[in-house]
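Residue-level listing of the chains:
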Amino acid sequence: MAWSRYILLILLACVDKTDFDSGGTAFPLIIDGLFSTKAAEVRLSRGYRVNGGLNYTRIPGAIVWIADTDDPSWKLILKEQKLSFYEYQAFNGTIYSYSGAVTPKAGHHYVLHVIVDSNEFVSLPQEVREPGSIDNIYFTYTSGFNRDKGVEEDGLNILFDATVPSGEDRHFQWRMFGTFSVLADPAAGPERCWVTEREDAPLLSSSAFATRYAGLTARYVPITFDRFNDRYRVEIRQYEISREVWEFTEALRFQLKNGSSLFQPPFFVRKGNVISLNGQANVIGIFTASIDVSRAIYIKRSDLPRELYGQPLPANCLRVYPGSVAYPPPFWM
Amino acid sequence: MRFLIPTAILALLFFGGVANGQSLLELPLDGSEQDKKLAQFLEEFERKHEVKFYFLDEWIAPFTIDDSYAGQTLGDLLENVLRESDLSFVVVHDRALAFVKDPTVEITRREAIVAAGRRQQSIETATVGNPDLFRPGRLVTLRGRIIHEEDRTPITGATVVPNGVRGTTTDREGRYELRLPSGRHVLSINFIGFKERTIDLTLYEGGDLNLSLQESPVLLEEIVISSQPINELTVSRPGQLQLSVGAMKKQPSLLGEADLVRQLQSLPGVNTVGEAAAGFNVRGGSVDQNLVLYDGLPLFNTSHALGFFSAFYSEAIQEMSFYRGGIPAEFGGRVSSVLDIRSKAGDPERWRVNGGIGLISANLMARGPLVKNRTTLAASVRGTYANWYLDLLKNTYKDLTNSQVGFYDGDLRLEHALSNKSKLSFSYYRSFDRLRVRGDTTFQWVNQLISVRLDQMFSPRFTGSFLLGVGDYNYTVSNVQPAQGFDLDYQVTYPTLKMDFLLTAGAHRLSFGIQSTYYAFNPGRLRPTTAQSSIRSVTMESQQSLESGIYLADSYNLTDRLVLDAGVRLSSFVQFGPATVNVYSPPSPIEEDNLTDSIKYASGETVTSFMGVEPRAAIRFSLDNQSSLKLSYHRIYQYLHLVSNTAAVTPIDIWQPSNTFFKPQVSDQISVGYFRDFKQKMYEAYAEVFYKEMDNVLDFKDGAELILNKTLEADLLQGKGLAYGIEAFLSKSQGRLTWTMSYTYSRSLRKFDPGTETINNGETFPSSYDQPHMLNLSWNYRLSRRWSFTGNFAYRTGRPVTVPVFGFTVDGYGVAYFSGRNQYRIPDYHRLDLALVIEGSHKLKKPWSGSWTISFLNVYARRNAYSYFFASDTPGKIDTYQLSILGTIVPSVTYNFKF
């Protein structure tokens, strides 16, 4: 009945943004490090105020290196590469190393060292082992009404199969990198940009699975002109991570999935596997050392089950897609 | 009339001389007095001896001398004959004896009649016993049953009060028993939601007086809030309340659903973490610390639809008793409260149907005789069509996208009178919930109870009940994604045997019994459900336990003013194999890293056992006819724990029996209360102070995941709980406007000893339901005989929450980092609800009657925070949000009918 529908329309639960401010919290140093076959990078930052604006604090003058506890002569020093991101990385840049070895070796243990404001932080030793393999990457087409956006939408579910070594207390993480190139109006900026997008939430191994992981969903990729006008590259990387990092990342994943839980958001209080040597400085950090294996596929426009309809070119692709670059990544073919 | 006392006094003055009563009373008797009326004997005695007796004929007319007093004295005779009567005597100058009558009983009786008259109650007369056997003042036993006028079902908890002073309450079968001096009394029979009856009783000798109460059709006479303690002054044990379904239906309700649990939450000392929270918290206890019994068997889940609605169809409920302090020895196994629900039986004389249609659910109930006055059946069902409501919610709350909700509950009760002294009952209850979240995950949970009960009256003073039943609670979580399809099952089955007895002996009411429950837990089984599923099967080891209890209690009237309820319960809990017990290297803390070995136990082998002695005591001291003081203490052991890592209980939480690692919870509670009424019970008030300590309460470590966890002990902590507070209640129960007001100040705290992993560094912190200030107001204003206006207002301090205190970015993801446990509070909660109740004609014999309830919840549309959550749409930025379950005014219309 019409009258009842009218009454019912106002029966709504409400979600309101709050101006909640915990106030007075000393923000810790955040250390996010990875030493893998493809990268040696450490990002330093600080915690920031809830309900505040974008607020990255630069960590100047940090000293960062990775040591091999099984080979005291080996030391990989990382230099600050990007000013605005406070990123110390060797990926796609100069590698500073006393020994010259830049990839982790199976059977070795690596420790991250960071010195900031005379406080030294170290990670727990991370053992490197063979991480298994990515066996297959594929996709399925799906379409329907997206209730979040209120529109009809179609896209691809990116799936993959993987094999991990057996053994107790072994943990793995996968990362998905979806890369596409976007044509733009050359009058307003670069003619082409390359955009890389990640999985929505960390992909982690689970005790519910055996050594064979089949049909893991990496990401749902909406079909848009920009993404598939040229081609869409999917790369899956597989890492072995320590239990501390797995627990930290699992808590992060759990929070991303349940942050808006009706019952109660899960508490995130994990500190990771990096500690302050003098015990005084506040730090949250994770460091992973792993041989990574990867696999990639290209999804071409012709692979899609429907035609793509052209759209106006973005004026400046670097602005429309924050984080994009105007040069092709080395893997782009 | 022969002589009067004043005459005796004049005679005393006239005769003069020295009084020496000893010799008059020592005059010997020869046995000829046997079988004579006392008056006749006294006349003959006067003639034989030079003495005078002064009395009113009507006083001593009923007395007969049954025995021979040959060789004994006049004093012996009079003492024996007048013993326990309201007559005594004085000896005057050794030559005269005057009989004196205690006027207290008569004065009290007259006052009670006058008070009833003031309340505009008609006064009925009744006679019990044979006048020829009347022995004035002799203590005799009055028994009877109080039943529902229409339903013919017994009323439990009705009060039967003689002469406005100490009375009793009816038991489960509606029975009551009073020891009264034979003579004239005024009995008041009362129960919330029913018209009070006042009986001018002439009690010649012990006997039966059965009465029925008529459900009050006029709101004027109805108690506004269902939770009002009935005659707290005279009969209730501290902390015990009777709840009325009739009154509950007239209160504002969420979408028209009369809700028992929500009514409980308006009581002093009872609260909840929010509007969508299942269960209730009592005096600082967690939800699992409440024993909810349905026809004698415990229920593990009391909610539908994640706590929006309780799992009880109000029409199917006969009565509810709620204990939050001074819990009787009959009950055990939960440390905070007992909610004892009894389903409605069939009408023994004719079939009746009633039902209701609301915005989200409909219900129907039929009750009647299969064999008239011998075998009855009652059946009810309630179901929902709430998905349209969810469709609206999910536009705002994306977790509900592509979600569905459905539930139903049903109740069946068959009763058969084997004789006028025994009754056999069969009861079945089932509730079902199905909730689909985000299209691919479905939660489904089921409660089932089935029982057979025999009530037997061995003698008028000795009754017993025997119950054999089985309960089952299970849930299933299903995922239908082809690549990751799975079913996760959980189940607990618990066959139960109970025997309870009640023996009345003089001023003692002895209750005793034994009960035993076997728990079979299936703590979790995960299995793939599709051919492509990559889920690995996981089966948690089953757990078997036996919980038993034996109890003995006595309710003893020490004096007219002092009543003692005391008892003891001996409880035990045994865990049996097959079982595997993890071994951690001592003295290291129980953490997964320190797991070194495991011990296997064979089937039937005892793994671990516990035993607890649970003293219970309650004392009521009547200061006068208007006020009383009460004191209670209880110790209770709880052997089952609800394991949860959220503030609000969810349907997929785990019940964990005590074992090697999880010791039983133990609670000690003491409470003191002062109760008083004013103006012939128009106003009633009480204040109660309580202090409660709890040991071995469970809480989760930060970041704990509890499902399918084979080292659950490594993710949980056991600590101490403390709760204390004061509860105040005031009500007005007569007149056009009736109301209740309650206020509670209480604290609920937790402390976990410092260790490698603890909570808040081992410091004391508030529990999730620590709400120091709670205020509830309810009222019912009678606009006319059929129209009434009701309302509720609730205020409580915002509950403690754990909130994100800063954000950080790692691996490209925004992360919120949380404060110490429960270190912040959401804003204070307050809400106003109003309802208009329109009843049909109050004619008793009409074939169909209906009533409309138009409710408006959250009238001023306050957005009370239920929880804080956060979102990080952009790396480097975290925003917090508050969720309000009722974000606006919620109207509803319900039509209830019966025929």
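Nothing here was measured: the structure is a model prediction, and the numbers come from that model.

A. Representation of the overall build of chain B in the model. If you tally the helices and strands in chain B, you get 9 helices and 55 strands. For chain B, the proportion of its 899 residues judged to be buried stands at 60%. Carbon and sulfur atoms provide 56% of the accessible area of chain B, an area that totals close to 34,000 Å².

B. Spotlight on the state of the cysteines. All names here are of chain A. Applying the stated criterion to the full structure yields 1 disulfide over all chains. Residue pairing for Cys 193: its cysteine sulfur links by disulfide to Cys 317, the two sulfurs lying 1.5 Å apart. Residues Cys 193 and Cys 317 are joined by a disulfide whose S-S torsion is about 60°; by sign, that bridge is right-handed. Note that Cys 193 is positioned in strand β16 (residues 192-198) and Cys 317 in helix α4 (residues 317-320), a separation of 124 residues in sequence. The burial state of Cys 193 is the same as that of Cys 317; both residues are buried.

C. Molecular detail of the nonpolar core. In terms of nonpolar packing, the biggest core is built from 107 residues, with A:Phe268, B:Phe280, B:Phe312, B:Leu339, B:Ile341 and B:Phe808 touching the most fellow members. Setting aside anything within four residues of it in sequence, one finds B:Phe808 in contact with A:Ile30, A:Gly47, A:Tyr48, A:Phe248, A:Phe268, A:Ile284, B:Tyr813, B:Gly814, B:Val815 and B:Tyr817. Formed by 31 residues, the second largest nonpolar core is a distinct cluster that contains A:Ala162, A:Trp174, A:Val221 and A:Tyr232.

D. Up close: the side chain of B:Ser545. Residue and element names in this part refer to chain B. As for its placement among the helices and strands, Ser 545 is situated in strand β32 (residues 543-557). The buried category is assigned to Ser 545, whose relative accessible area is 0%. Not counting residues up to four positions away in its chain, the partners in contact with Ser 545 are Thr 517, Tyr 518, Tyr 519, Phe 573, Val 574, Gln 575, Phe 576 and Pro 657.

E. Up close: the environment of A:Asp154. All names here are of chain A. With respect to the element layout, Asp 154 can be found in strand β14 (residues 151-163). Here Asp 154 falls in the buried class, since its relative accessible area comes to 8%. Each C-alpha atom of the pair Asp 154 and Thr 224 lies 8.9 Å from the other, and the pair is 70 residues apart in sequence. For Asp 154, the residues in contact, after removing those within four places along its chain, are Tyr 141, Thr 142, Ser 143, Tyr 220, Pro 222, Ile 223 and Arg 306. Among the polar contacts listed, one links the side chain of Asp 154 to the side chain of Arg 306, at a separation of 2.4 Å.

F. Expanded view of the confidence of the model for chain A. Residue and element names in this part refer to chain A. Looking at chain A, pLDDT values average 80 and 80% of them are 70 or higher. Under a pLDDT of 50 for its full length, residues 1-12 has, in the predicted model, 23 contacts with residues more than four places off or in other chains. Below pLDDT 50 for its whole length, residues 90-100 participates in 22 contacts with residues either more than four positions away or in separate chains.

G. Layout of the pattern of salt bridges. All names here are of chain B. Scanning all chains against the criterion turns up 46 salt bridges over all chains. For Arg 324, the salt bridge identified is with Glu 727, shortest N-O distance 3.5 Å. Taken together, the residues Arg 324 in the loop between β20 (317-323) and β21 (337-343) and Glu 727 in strand β42 (residues 716-732) connect sequence positions 403 residues apart. Each member of the pair, Arg 324 as well as Glu 727, carries the same accessibility label: buried.

H. Fine view of the sheet that holds strand β48 (residues 804-810) of chain B. Within the open sheet, the 3 strands sit side by side as β4(A)-β48(B)-β49(B). Their pairing is antiparallel. Since the sheet does not close on itself, it has two edges, and those belong to β4 (48-49) of chain A together with β49 (813-818) of chain B, each with one partner. As defined by bridge partners, β48(B) adjoins β49(B) across 6 bridges and the pair is classed as antiparallel. Opposite B:Thr809, over in β49(B), you have B:Gly814 as the bridge partner.

I. Highlighting the environment of B:Arg324. All names here are of chain B. The class for Arg 324 is buried, based on a relative accessible area of 0%. C-alpha separation for the pair Arg 324 and Val 338, spaced 14 residues apart in sequence, amounts to 6.6 Å. Looking at Arg 324, its side chain comes within polar contact range of the main-chain oxygen of Pro 268, at 2.4 Å.

J. Fine view of the packing of aromatic side chains. All names here are of chain A. Following the criterion strictly, the structure yields 41 aromatic pairs over all chains and no others. Considering the side-chain rings of Phe 180 and Tyr 232, the 5.8 Å spacing of their centres and the 20° angle between planes classify their relative orientation as stacked. Of this pair, Phe 180 sits in strand β15 (residues 171-183) while Tyr 232 sits in strand β19 (residues 231-241), and the two are 52 residues apart along the sequence. A relative accessible area of 1% means that Phe 180 is categorised as buried.

K. Here's a closer look at the pairing of strand β6 (residues 75-78) of chain A. Bridge analysis of strand β5 (residues 63-68) of chain A against β6(A) gives 4 bridges, and the strand direction is antiparallel. Bridged to A:Ala67 within β6(A) is A:Lys75.

L. Region of the structure containing the sheet that holds strand β2 (residues 87-92) of chain B. Residue and element names in this part refer to chain B. In space, the 3 strands of this open sheet follow the order β1-β3-β2, with mixed pairing throughout. A single partner strand is all that each edge strand has here, and the edge strands are β1 (52-54) and β2. Sheet twist, expressed as the average angle between the axes of neighbouring strands with direction ignored, equals 20°. Looking at chain direction, β1 and strand β3 (residues 96-101) are connected through 3 bridges and run parallel.

Cut-offs and rules
Residues numbered from 1 in each chain as written. Chains lettered and ligands numbered in written order. Predicted model: local features only at pLDDT ≥ 70, side-chain atom pairs only at ≥ 80, totals over all residues. Heavy atoms only, no water. Helix = DSSP H or I, 4+ residues; strand = E, 2+ residues; numbered from the N terminus. Buried < 20%, exposed > 50% of the residue type's maximum accessible area, 1.4 Å probe, protein only. Areas by Shrake-Rupley, 256 points an atom, 1.4 Å probe, with all protein chains shown as cover. Disulfide = S-S within 2.5 Å. Core = buried A, V, L, I, M, F, W, Y, C linked by side-chain atoms within 4.5 Å. Contact = heavy atoms within 4.5 Å. Polar contact = N/O pair within 3.5 Å; in protein donor to acceptor, adjacent residues only side chain to side chain. pLDDT = per-residue confidence, 0-100. Salt bridge = Lys/Arg side-chain N within 4 Å of Asp/Glu carboxyl O. Pairing = 2+ DSSP bridges. Phe/Tyr/Trp six-rings, centres within 6.5 Å; stacked < 30°, edge-to-face > 60°. Axes fitted to C-alpha atoms, helices over the stretch in contact; angles between N-to-C directions.

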